[in-house]
Amino acid sequence: MPGAAGRPGYGRSVADPTVLLSERFAGALAALDESLRGADPVVRRSDRADYQVNGSMALAKRTGRPPRDLAQDLVDRVELADIALPLEIAGPGFINVTLQDAFLARALAETAADPRLGVTPAATTETVVVDYSAPNVAKEMHVGHLRSTIIGDALVRITEFVGHKVIRQNHLGDWGTPFGMLIEHLLSVGETEAAEELSVGDLGRFYQEARAAFDADPDFADRARRRVVELQAGDPQTLQQWQLLVDESSRYFSSVYERLGVLLTTADQAGESMYNPWLADTVAELDRLGLLVESDGALCVFPPGFTTREGTPLPLIVRKSDGGFGYDATDLAAIRYRLRDLGADHILYVVGAPQREHLEMIIETARLAGWLVPPARAEHVAFGSVLGADRKMFRTRAGGSIRLVDLLDEAVERAARVVAEKAPGLSPEAAAAVSEAVGIGAVKYADLSNDRVKDYAFDWDRMLDFTGNTAPYLQYAHARVRSIFRRAEADGVDVSSLAPATEFQPAERRLALEILSFDGAVHGTEAALQPHRLCTYLFDLASAFTDFYESCPILRADTPEQLRSRLLLADLTARILAQGLDLLGIGAPERM
Ligand code: ARG
């Protein structure tokens, strides 16, 4: 029975009971009353039964009947004979649903046979452009770039897994007035030395020195200003020097990406400079559309609805009064390119919250210009700041800004200490690999598991804790299952013919329901663009596994049937944990 929204119903591939029950109850609502078509029946996990359907309370008003009557109508109408035990109405109109063991067994077997672990592919494939990371050339990557890189990469992986076509765009800050002073500084240090400094990641120092020379030495400042003009005029030698800055910086960025295990490569670079050839044309088009207004010699767009607190309209500066182009113009050319040339159906800007207004103005202007036409859409995927344990801006003890590589080194060092203590039996090479996965994983997970729009406090002890909602806890649960399997094989257990039992104990049942909820967790995360939802799901899964492991002996099960079933539950847990962590860009070592 194909579901209403194009998602297949049970019998094809969906096994997620929340999805399935939602579809069936939505169908019953629509059949009961036309005004309830499309209404959400609100299916939730419950400790009273497996699931509770809570929508009757809110929906009863629309039909003008008491909630309990609506609930009764739903119970009479909904078709669940193949899935659930007889339904019960509780309290003011809750419907309690308990699944049949036979259904659980079928759904688990299907999930086990599915390489996607029950995650249904998106009904329609979209082209999704994800703008993320976007550090600035010859300038240190800061924690904001770290957040953008980590969140953006997780969204890329999840969106791709769901079945969309993803185009990564690293909108490098590689153009603009600072390049005058950067090139002049390059010339005064000498190209070879500058290249060395940049490629090892001394970007912060390089930038600060250039800035200091610019501020202290009027001659330098003059040369820097002339240099910008030469760069914009395309002087070959200046361009070559600029290219050197870009190449060395991007070499450094690539090393950070590799260390972080993110998907970005130089092929995804689409820096600001890439749009230079299209800027004039973009301006001309906005002019033809009558969207440009001259203001103090500059050409501006004033998208309606954006004003200062005093009510003065805010401009996007499309061409500056000196004829130059800046950040606004580049972003307009970029959104036009992404929609027209890349064919984006959906654009995600994974950029810090302070750029909200700028991006909304860009998106609104694209709409006014007729570039962004529904159903295509663009949105700012904003995130908050990283705070120190003192809840102030995250800084070094000396008060300086934290270098990303130092942060990652420290993460791996700290992880190595924890790994040495928890898993003393590992070979030095294995311990090093595990420490890397645990340290980097901990940093990424700490970021992803928090609601992205909020600020979060960076706390080493918490993120490396082997208990609680952390990467090490999930990685450890995964490795524990793998070790159970190694022991099973050593004991001569045939682990190739796992099958669900026909009855489930409460802890087995709770674990089974978590396993079957992966589909909804992935789709919910993708739709809301909230990686923390997937984290919460994985944590619930690992916790259900921990409870199951404590109350249901696996290798000492009572019967061969029970052994096969418990191994199946354990294996599915490990596969989903590994897949889920991979969707977050985090490794899952086999042993820990
Ligand atoms: N380079 C910018 C910064 O460091 C971020 C660019 C974000 N993307 C964009 N299309 N504006 O703040």
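Residues numbered from 1 in each chain as written. Predicted model: local features only at pLDDT ≥ 70, side-chain atom pairs only at ≥ 80, totals over all residues. Heavy atoms only, no water.

Here we take up the overall build of the protein chain. Along the protein chain, the regular secondary structure elements total 21 helices and 13 strands. Dimensions along the principal axes, computed over C-alpha positions, put the protein chain at roughly 85 × 65 × 40 Å. Looking at the protein chain as a whole, 53% of its 592 residues are labelled buried. Counting every atom, the protein chain has about 25,900 Å² of accessible surface; 50% of that belongs to carbon and sulfur. Positive and negative charge centroids in the protein chain, built from 61 and 85 side chains respectively, lie 4 Å apart. (Helix = DSSP H or I, 4+ residues; strand = E, 2+ residues; numbered from the N terminus. Buried < 20%, exposed > 50% of the residue type's maximum accessible area, 1.4 Å probe, protein only. Areas by Shrake-Rupley, 256 points an atom, 1.4 Å probe, with all protein chains shown as cover. Lys, Arg positive; Asp, Glu negative; His and termini not counted. Charge placed at Lys NZ, Arg CZ, Asp CG, Glu CD.)

Right, let's talk about the sheet that holds strand β4 (residues 94-97) for a bit. Across a sheet, strands are paired by hydrogen bonds formed along the backbone, either parallel or antiparallel in direction. Spatially, β1-β2-β4-β3 is the arrangement adopted by the four strands of the open sheet, whose pairing is antiparallel. Edge positions in the sheet fall to β1 (43-45) and β3 (88-90), since each of these pairs with one other strand and no more. The mean angle between the axes of side-by-side strands here comes to 30°, regardless of whether they run parallel or antiparallel. Note that β1 and strand β2 (residues 51-53) share three bridges and pair antiparallel. Residue pairing across strands places Arg45 opposite Tyr51, the latter belonging to β2. (Pairing = 2+ DSSP bridges. Axes fitted to C-alpha atoms, helices over the stretch in contact; angles between N-to-C directions.)

With that settled, the discussion passes to the site of the ligand. Around the ligand sit Asp131, Ala134, Asn136, His145, His171, Tyr327, Asp331, Tyr349, Val351 and Gln355, and those are all the residues in its vicinity. Between the ligand and the protein, one listed contact pairs a nitrogen atom with a side-chain N or O atom of Asn136 at 2.8 Å. Starting from 350 Å² of accessible surface for the ligand in isolation, the protein chains cover 87%. (Near = heavy atom within 4 Å. Polar contact = N/O pair within 3.5 Å; in protein donor to acceptor, adjacent residues only side chain to side chain.)

Moving on, we come to the pairing of strand β6 (residues 165-169). Of all five residues in β6, four are buried, a share of seventy percent or more. In terms of strand pairing, strand β5 (residues 127-131) meets β6 through five bridges, oriented parallel. Looking across to β6, one finds that Val128 is bridged to Val166. As a crossover connection, the stretch from β5 through helix α5 (residues 143-162) into β6 is right-handed. (Right-handed = clockwise from strand over helix to strand, strands pointing away.)

Here we come to helix α20 (residues 531-551). With 21 residues, α20 should reach 30 Å at 1.5 Å per residue; the first-to-last C-alpha distance of 31 Å fits that figure. Listed in full, the buried residues belonging to α20 are Pro531, His532, Leu534, Cys535, Tyr537, Leu538, Leu541, Ala542, Ala544, Phe545, Thr546 and Phe548. (Expected span 1.5 Å × (residues − 1).)

Moving on, we get to the packing of aromatic side chains. If you walk through the whole model with that rule in mind, you get twelve aromatic pairs. Taking the centre distance of 5.8 Å and the plane angle of 70° together, the rings of Tyr275 and Tyr337 count as edge-to-face. Note that Tyr275 is positioned in the loop between α10 (236-260) and α11 (276-288) and Tyr337 in helix α12 (residues 327-340), a separation of 62 residues in sequence. Residue classification places Tyr275 among the buried residues on the basis of a relative accessible area of 0%. (Phe/Tyr/Trp six-rings, centres within 6.5 Å; stacked < 30°, edge-to-face > 60°.)

Turning next to the pairing of strand β11 (residues 377-381). In the sheet, strand β10 (residues 346-350) pairs with β11 via five bridges, with the strands oriented parallel. In the strand pairing of β11, Tyr349 is matched with His380.

Outside of glycine, negative phi angles account for most residues, and trans bonds account for most peptide bonds. Pro375 follows Pro374 through a cis peptide bond whose omega is 10°. Position of Pro375 relative to the elements: it lies in the loop between α13 (356-368) and β11. Of note, Ser133 is a non-glycine position whose phi angle comes to about 75°, a positive value. For Ser133, the position within the fold is in the loop between β5 and α5.

In the contact formed by helix α1 (residues 17-32) and helix α3 (residues 67-77), the axes pass within 9 Å of each other and the chain directions differ by 110°. Taken together, the axes of α1 and α3 lie roughly perpendicular to each other. Where α1 crosses over α3, the handedness of that crossing is right-handed. On the side of α1, the interface is formed by Phe25, Ala28, Leu29, Ala31 and Leu32, while α3 contributes Leu70, Asp73, Leu74 and Arg77. Residues belonging to the contact of α1 with α3 are distributed by class as follows: seven nonpolar, no polar and two charged. (Parallel < 35°, antiparallel > 145°, perpendicular 65-115°, else oblique. Left-handed = near helix turned anticlockwise from the far one by under 90°. Contact = heavy atoms within 4.5 Å. Nonpolar A, V, L, I, M, F, W, Y, C, P; charged D, E, K, R; others polar.)

Turning our eyes to something else, we now look at the packing of helix α4 (residues 101-113) against helix α18 (residues 506-515). Packed helices, taken two at a time, are described by the angle their axes make and the gap between the axes. Relative to each other, α4 and α18 sit at 50°, their axes nearing to 11 Å. Between α4 and α18, the angle falls in the class oblique. In terms of crossing hand, the pair formed by α4 and α18 is left-handed. Of the residues in α18, those in contact with Asp101, Leu104 and Leu108 of α4 are Arg509, Ala512, Leu513 and Ile515.

Following the criterion strictly, the structure yields one cavity of 30 Å³ or more and no others. Taken together, the elements giving at least two residues each to the lining of the largest cavity come down to α15 (428-448) and α20. By residue class, the composition of the lining of the largest cavity is three nonpolar, three polar and two charged. (1 Å grid on protein atoms, 1.4 Å probe; cavity = no way out; pocket = protein on both sides within 12 Å on 5 of 7 lines; lining within 4 Å. Points joined across faces, edges and corners; volume = space filled by probe spheres on them.)

This part covers the side chain of Arg566. The topology assignment puts Arg566 in helix α21 (residues 560-583). Those residues within four positions of Arg566 in sequence are excluded, and the remaining contacts are Gln505, Glu508, Phe548, Cys552, Pro553, Ile554 and Ala557.

Here helix α8 (residues 203-216) contains 14 residues, and its C-alpha end-to-end distance of 20 Å stays within 8% of the 20 Å for a straight helix at 1.5 Å per residue. Turning to α8, its buried residues number three or more, namely Leu203, Gly204, Phe206, Tyr207 and Ala210. Axial view of α8: buried residues confined to an arc of 165°, hence all on one face. Across from the buried face of α8, at angles greater than 90 degrees, the exposed residues are Gln208, Asp215 and Ala216. (Arc of directions from axis to C-beta.)

Turning next to the sheet that holds β5. Pairing is parallel across the open sheet formed by four strands, whose spatial order is β6-β5-β10-β11. The open sheet terminates on both sides in strands that have one partner only, identified here as β6 and β11. For this sheet, the mean angle separating the axes of adjacent strands, direction not counted, is 20°. Strands in contact with α12 are β5, β6, β10 and β11; relative to β10, the strand with the most contacts, it is inclined by about 145°. Sheet contacts for α13: β10 and β11; angle to β11, the most-contacted strand, approximately 175°.

What follows is about the pattern of salt bridges. Applying the stated rule across the entire model yields 35 salt bridges. One salt-bridge network, held together by shared partners, links Glu197, Asp202, Arg205, Glu209, Arg403 and Asp406. (Salt bridge = Lys/Arg side-chain N within 4 Å of Asp/Glu carboxyl O.)

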